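Coordinate analysis (summary)
Here's the letter readout for the chains.
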Amino acid sequence: MEETTAPLITNDAVVFGILIMILAAVFGTASSKRSGWQKFYSIVPTVLLCYFIPSILNSMGIISGAHSKLYFVASRYLLPASLVLLTVSVDLKEIMKLGPKALIMFFAGTVGIMLGGPLAILLFSVVAPDVVTGTPGQEVWRGMTAIAGSWIGGGANQTAMREVFGVGGEMFSTMVTVDILIGNLWLAFLLYGTGRAEKIDKFLKSDTSAIEDVKKKIETYRLSIMRVPNMADTLMILAVGFGVTGVSHFGADIIAPWIGENFPGLEEYSLTSGFFWIVVIATTLGLLLSFTKARDLEGAGASRLGSVFLYILVATIGMEMNLLAIFENPGLFLVGFVWILFHITIMLVVAKLIKAPFFFVAVGSQANVGGAASAPIVASAFNPSLAPVGVLLAVLGYAAGTYGAYLCGLMMQAVAP
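Cut-offs applied
Think of each chain on its own: its residues are numbered from 1, step by step along the sequence as written. Local features in a predicted model are, by the rule used here, given only for residues with pLDDT of at least 70; side-chain atom pairs are given and counted only at 80 or more, and totals for whole chains, interfaces and linings are based on all residues. Hydrogens and waters are ignored; side-chain quantities use all the structure's heavy atoms. A run of H or I in DSSP becomes a helix once it reaches four residues, and a run of E becomes a strand once it reaches two; helices and strands are each numbered from the N terminus. What the globule rule says is 2.2 Å times the number of residues to the power 0.38, and the radius of gyration is computed from C-alpha atoms. By definition in these notes, contact holds between two residues if any of their heavy atoms fall within 4.5 Å. Residue burial considers only the protein chains on display, and all accessible areas are found by Shrake-Rupley using a 1.4 Å probe. Here the positive residues are Lys and Arg and the negative ones are Asp and Glu; neither His nor the chain ends is included. Throughout, a charge is located at the NZ atom of Lys, the CZ atom of Arg, the CG atom of Asp or the CD atom of Glu. By definition here, a helix of n residues has an expected span of 1.5 Å times n minus one. Only protein chains enter the accessibility calculation, which uses a 1.4 Å probe. A residue is then buried if its area is under 20% of the maximum for its type, exposed if over 50%, and partly exposed in between. Each salt bridge in this description consists of a side-chain nitrogen of Lys or Arg and a carboxyl oxygen of Asp or Glu lying within 4 Å of one another. In this analysis, rings of Phe, Tyr and Trp, with Trp reduced to its six-membered ring, are considered paired at centre separations within 6.5 Å, and the interplanar angle assigns stacked below 30 degrees, edge-to-face beyond 60, and tilted for intermediate values. Working rule: Lys NZ or Arg CZ, within 6 Å of ring centre, within 35 degrees of ring normal, means a charge sits over the ring. Note on patches: the residues involved have over 30% relative accessible area and no salt bridge, like charges join within 9 Å, and the nonpolar side chains Val, Leu, Ile, Met, Phe, Trp and Tyr join within 5 Å. Two N or O atoms form a polar contact when they lie within 3.5 Å of each other; inside protein one atom must be a possible hydrogen donor and the other a possible acceptor, and for residues adjacent in sequence the pair counts only when both atoms belong to side chains. Only buried residues count toward a nonpolar core, which is a set of Ala, Val, Leu, Ile, Met, Phe, Trp, Tyr and Cys residues joined through side-chain atoms within 4.5 Å. Angles here are taken between N-to-C directions and fall from 0 to 180 degrees, while the axes themselves are lines fitted to C-alpha atoms, restricted in helices to the stretch in contact. Roughly parallel here means an angle under 35 degrees, roughly antiparallel means over 145, roughly perpendicular means 65 to 115, and every remaining angle is called oblique. Note: crossing handedness is left-handed where the near helix turns anticlockwise from the far helix by less than a right angle, and right-handed where it turns clockwise.

Quick notes on the overall build of the chain
Counting secondary structure elements, the chain contains 18 helices and 0 strands. In summary, the chain has a C-alpha radius of gyration of 21 Å against a globular reference of 22 Å for 417 residues, a match within 12%. In terms of overall dimensions, the chain has C-alpha extents of about 65 × 50 × 45 Å along its principal axes. Sequence separation of at least 24 residues holds for 85% of the intrachain contacts in the chain that already meet a minimum separation of 6. Approximately 18300 Å² of the chain is accessible, and the part contributed by carbon and sulfur atoms is 68%. Here the chain carries 24 positive and 25 negative side-chain charges, and the mean point of each set is 15 Å from the other.

With respect to helix H15 (residues 330-354)
The terminal C-alpha atoms of H15 lie 36 Å apart, and with 25 residues this matches the ideal 36 Å at 1.5 Å per residue to within 8%. Every buried residue of H15 is listed here: Gly 331, Leu 332, Phe 333, Val 335, Gly 336, Val 338, Trp 339, Ile 340, His 343, Ile 344, Met 347 and Ala 351. Immediately downstream of H15, the backbone of Lys 355 shows phi near 55°, a positive value.

Focus on the side chain of Ser 150
Relative to the assigned elements, Ser 150 resides in helix H7 (residues 140-152). Excluding residues within four positions of it along the chain, Ser 150 makes contact with Gln 158, Asp 179, Asn 368 and Val 369.

Points about the pattern of salt bridges
All chains considered together, the criterion is met by 2 salt bridges. Two residues, Arg 142 and Glu 139, come together in a salt bridge whose shortest N-O distance is 2.6 Å. In this structure, Arg 227 engages Asp 233 in a salt bridge whose closest nitrogen and oxygen atoms are separated by 3.2 Å. Since its relative accessible area comes to 13%, Asp 233 is described here as buried.

Let's talk about the side chain of Ser 303
Mapped onto the elements, Ser 303 comes out in helix H14 (residues 302-318). What makes Ser 303 buried here is its relative accessible area of 8%. Ser 303 has contacts with Leu 85, Leu 86, Arg 222 and Glu 298, leaving out every residue within four places of it along the chain.

Here we look at the packing of aromatic side chains
All told, the structure shown has 14 aromatic pairs when counted by the stated rule. Centroid distance Trp 151 to Trp 339: 5.0 Å. Interplanar angle 55°. Geometry classified as tilted. With a gap of 188 residues between them, Trp 151 in helix H7 and Trp 339 in helix H15 connect regions that are remote in the sequence. Here Trp 151 falls in the buried class, since its relative accessible area comes to 0%. With a relative accessible area of 0%, Trp 339 lands in the buried category. Cluster of aromatic residues (ring-pair linked, three or more members): Phe 358, Phe 359, Phe 360 and Phe 382. Taking NZ or CZ as reference, Arg 162 lies 4.2 Å from the ring centre of Phe 172, over its face. Sitting above the plane of the Phe 203 ring, Lys 352 keeps its charged end 4.6 Å from the centroid.

Considering a nonpolar patch on the surface
Among the surface-exposed residues, Phe 72, Val 73, Tyr 77 and Phe 242 lie close enough to one another that they form a single nonpolar patch of about 350 Å² accessible area. The leading source of residues in the nonpolar patch is helix H4 (residues 70-87), at 3 residues. Within the secondary structure layout, Phe 242 lies in helix H12 (residues 231-262).

A look at the environment of Glu 139
Here Glu 139 shows up in the loop between helix H6 (101-127) and H7. Given the relative accessible area of 18%, Glu 139 is considered buried. Taking the C-alpha atoms as reference points, Glu 139 and Gln 413, 274 residues apart in sequence, are found 9.5 Å from one another. Sequence-distant contacts of Glu 139, that is, excluding residues within four places in its chain, are made with Gly 134 and Met 171. For Glu 139, the side chain forms a polar contact with the side chain of Arg 142, separated by 2.6 Å.

Comments concerning the nonpolar core
Ranked by size, the top nonpolar core spans 123 residues in total, and within it Trp 339 and Phe 359 carry the most contacts. With 12 residues, helix H9 (residues 169-194) is the single largest residue contributor to this core. Setting aside residues up to four positions removed in sequence, Phe 359 forms contacts with Ile 211, Ala 379, Phe 382, Leu 386 and Val 389. Ranked by size, the runner-up nonpolar core spans 8 residues in total, among them Ala 252, Ile 259, Phe 276 and Trp 277.

Comments concerning the environment of Val 132
Locating Val 132 in the fold gives a position in the loop between H6 and H7. For the pair Val 132 and Met 171, spaced 39 residues apart in sequence, the C-alpha separation works out to 12 Å. The contact partners of Val 132, leaving out residues within four places of it in the chain, are Ile 121, Phe 124, Ser 125, Val 140, Val 335 and Pro 417.

With respect to the packing of helix H16 (residues 358-369) against helix H17 (residues 375-382)
If you want to describe how two helices pack, look at the angle between their axes and the distance between the axes. Two numbers describe how H16 lies on H17: the axes approach to 8 Å, and their chain directions differ by 165°. By the angle class used here, H16 and H17 are roughly antiparallel. Along this stretch, H16 crosses H17, giving a crossing that reads as right-handed. Contact residues: H16 offers Phe 358, Phe 359, Ala 362, Val 363, Gln 366 and Ala 367, while H17 offers Ala 375, Val 378, Ala 379 and Phe 382.

This is how it looks when you write it as structure tokens:
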């Protein structure tokens, strides 16, 4: 990708301090008893502000995700620790009772992306053909295959599509920007929607009873073991979170290279990605610990600390979005917008037909478009106990990504002008 202008603040210690102060300000005002703040947060969800304020600072050139290592640290260290602490108290049997609607909505999202790309090209071929053409090797449809890989699977799938379809460097760089901006704008809408879930569920005529039952049982369990944490409790929570994170990195450092060396063909399923194995191992061990006495750590605030780590990740993801980038190549961003609109339409139609709750719409969509880093964020915005649903669907996205993106690429090639 091209070099970007250095931001005003380049010291990550300063940037981290700013992000923490933003989070503190958001949650401090959200807990205020003043009617003005209460009215404000009845409209704007806290998680949306934690995401959007850093994006504004990034767009203004004050801080920059491109020049910071904070997202890497948050996604590799804080995310796995968060997943452990959010899953350690989960009732896996209750999660399984949520039924098949989560899977249906996930695959509806995948189909929406696969069809949305070709349909967007067809539409622009009629109304503005110049937008979806290009020079040999730099054709727009080729670049869009990279987005398909990212939106159905993730970074590894995106790279695979670049190699398979021979995406030129300049076009790939542009499409990565479209991918980040459109994907993050959609994430912002989903986070906003979490605060409007009841109204959306009424529109969809959804049956939310299974989700409500899970939330009530977990909340009842938490209240029954709640206690004031002491130093030993807090250190034990951190030991479990970061201890399992260490084990996850250790396992990933062995498994990913071994698979890459012995089964290189599995790279297209992200099985040679260290990050994939970090997420899988951390989530698996967190779920296993939920069957042990470690589950009692929830009484000392395990999920609260896990949520703190997750919100730091939210803020670092916000740093990745530059709202001004849309003006650099508005035609391609419009193509991306139409593409995601097809995805959204198909998901809402399917949700209406099967009466799926908005929770499954949001998490199923983000498991496709955002992957393992942001799907649990959306899930936990509904309730921290539901974060594992986002992780499990995102892992499924890694597996389905290459197949879906490849078929999408072939369809886009067939309809391209």
